[in-house]
Amino acid sequence: HLTEPSLRELGIECYLITDGMPAHFMASGDIKLYMTAADLALNDRTVVNKTGTLSNAIAAKYHNINYYAFSAGIDYSKKREDIHLEYRSGDEVKIYHGIELAEKSAKAIYPCFDIIPAELVKGIITEDGIFTFTIFSFYRTDKDSPYTIIDFESSQKFALFCTMEQANSMHE
């Protein structure tokens, strides 16, 4: 209900569907590209977004549909292990706008966010470009150098110089 009005305002034809429906429309070929916002985007392409994004990203991968996340930027200071997911009260699952959807004795759990692994994310769209983080070349500058050059594909080409250990950790 947040994305649809924005897309409509931009003149993009779209439909409002519920959380459980994307895989159905991906399977039928009606969804050609899966895109979401990202609450957090890491430099290895890992994305953190609202619960439900992971299952949709898995469905997209299964149906060979690219998944891109929009982000204000990429957080280079955090790693996957730094992320601690928030859980909200189970009552938010059992009660909606004052309407009880389950018995009071029912146990409910509400993870607020999903962590979407890099292999499910084709790229991260920022105001600086679309970062796909695809390794273009991977080699030592010379046999005595501890450095490797990795060229990342994006709308702005750039190279990152790092140690072999750092480069390997980006793809674990």
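About the criteria used
Residues numbered from 1 in each chain as written. Predicted model: local features only at pLDDT ≥ 70, side-chain atom pairs only at ≥ 80, totals over all residues. Heavy atoms only, no water. Buried < 20%, exposed > 50% of the residue type's maximum accessible area, 1.4 Å probe, protein only. Helix = DSSP H or I, 4+ residues; strand = E, 2+ residues; numbered from the N terminus. Arc of directions from axis to C-beta. Contact = heavy atoms within 4.5 Å. Pairing = 2+ DSSP bridges. Axes fitted to C-alpha atoms, helices over the stretch in contact; angles between N-to-C directions. pLDDT = per-residue confidence, 0-100. Patch = residues over 30% accessible without salt bridge, like charges linked within 9 Å, V, L, I, M, F, W, Y side chains within 5 Å. Areas by Shrake-Rupley, 256 points an atom, 1.4 Å probe, with all protein chains shown as cover. Salt bridge = Lys/Arg side-chain N within 4 Å of Asp/Glu carboxyl O. Polar contact = N/O pair within 3.5 Å; in protein donor to acceptor, adjacent residues only side chain to side chain.

Colleague: Tell me about helix α3 (residues 53-62), and please be specific about residues and values.
Modeller: Burial in α3 covers these residues: T53, N56, A57, A59 and A60. One side of α3 holds all its buried residues, which, seen down the axis, span an arc of 160 degrees. Those residues of α3 that are buried lie in contact with α2 (22-27), β1 (33-37), β3 (47-50), β4 (66-70) and β9 (113-116). One or two residues past the end of α3 sits N64, with phi positive at roughly 55 degrees.

Colleague: I'd like a description of the sheet that holds strand β11 (residues 129-131), backed by residues and values.
Modeller: Spatial ordering of the open sheet is given by β1-β4-β10-β11, a layout of 4 strands whose pairing is mixed. Whereas interior strands pair on both sides, the edge strands pair on one side only; in this sheet they are β1 and β11. In this sheet, neighbouring strand axes are inclined to one another by 25 degrees on average, regardless of whether the strands run parallel or antiparallel. Taken together, the 5 bridges between β1 and β4 define a ladder with parallel strand orientation. When the sheet's bridge partners are listed, T36 is paired in β4 with A69. Contacts between α3 and the sheet are confined to β1 and β4, with β1 contributing the most and set at about 160 degrees to the helix.

Colleague: Describe in detail the sheet that holds strand β2 (residues 40-41), supporting the description with residues and values.
Modeller: In space, the 3 strands of this open sheet follow the order β2-β3-β9, with antiparallel pairing throughout. Whereas interior strands pair on both sides, the edge strands pair on one side only; in this sheet they are β2 and β9. Where β2 lies against β3, 2 bridges are found, and the strand directions are antiparallel. By the bridge assignment, L40 is partnered in β3 with V48.

Colleague: Give me the confidence of the model for the protein: which residues, what numbers.
Modeller: Summary statistics for the protein give a mean pLDDT of 80 and a share of 76% for residues scoring 70 or more. The model gives residues 135-141 a pLDDT under 50, and that stretch makes 22 contacts with residues more than four places away or in other chains.

Colleague: Talk me through a nonpolar patch on the surface; I want residue IDs and the actual numbers.
Modeller: Taken together, the side chains of Y15, I17 and M21 present a nonpolar region at the surface, about 310 Å² in accessible area. Within the element layout of this structure, M21 appears in the loop between α1 (3-9) and α2.

Colleague: Could you give me a rundown of the environment of N66, with the residues and numbers involved?
Modeller: Following the sequence through the fold, N66 ends up in strand β4. Each C-alpha atom, one on N66 and one on G123, is 8.5 Å from the other, the two residues being 57 residues apart in sequence. Not counting chain neighbours up to four residues away, the residues in contact with N66 comprise L33, Y34 and K122.

Colleague: I'd like a description of the pattern of salt bridges, backed by residues and values.
Modeller: Across all of its chains, the model carries 6 salt bridges by this definition. Between D39 and K50 there is a salt bridge, with the nearest N and O atoms lying 2.9 Å from each other. You can see D39 sitting in the loop between β1 and β2 and its partner K50 sitting in strand β3, a full 11 residues away along the chain. Judged by relative accessible area, K50 falls into the partly exposed class, the value being 41%.

Colleague: Kindly report on the side chain of T46, identifying the contributing residues and their values.
Modeller: Here T46 shows up in the loop between β2 and β3. Polar contacts involving the side chain of T46 include one to the side chain of D44, which spans 2.8 Å. Ignoring anything within four residues of it in the chain, the contact list for T46 reads L40, A41, I115, I116 and A118.

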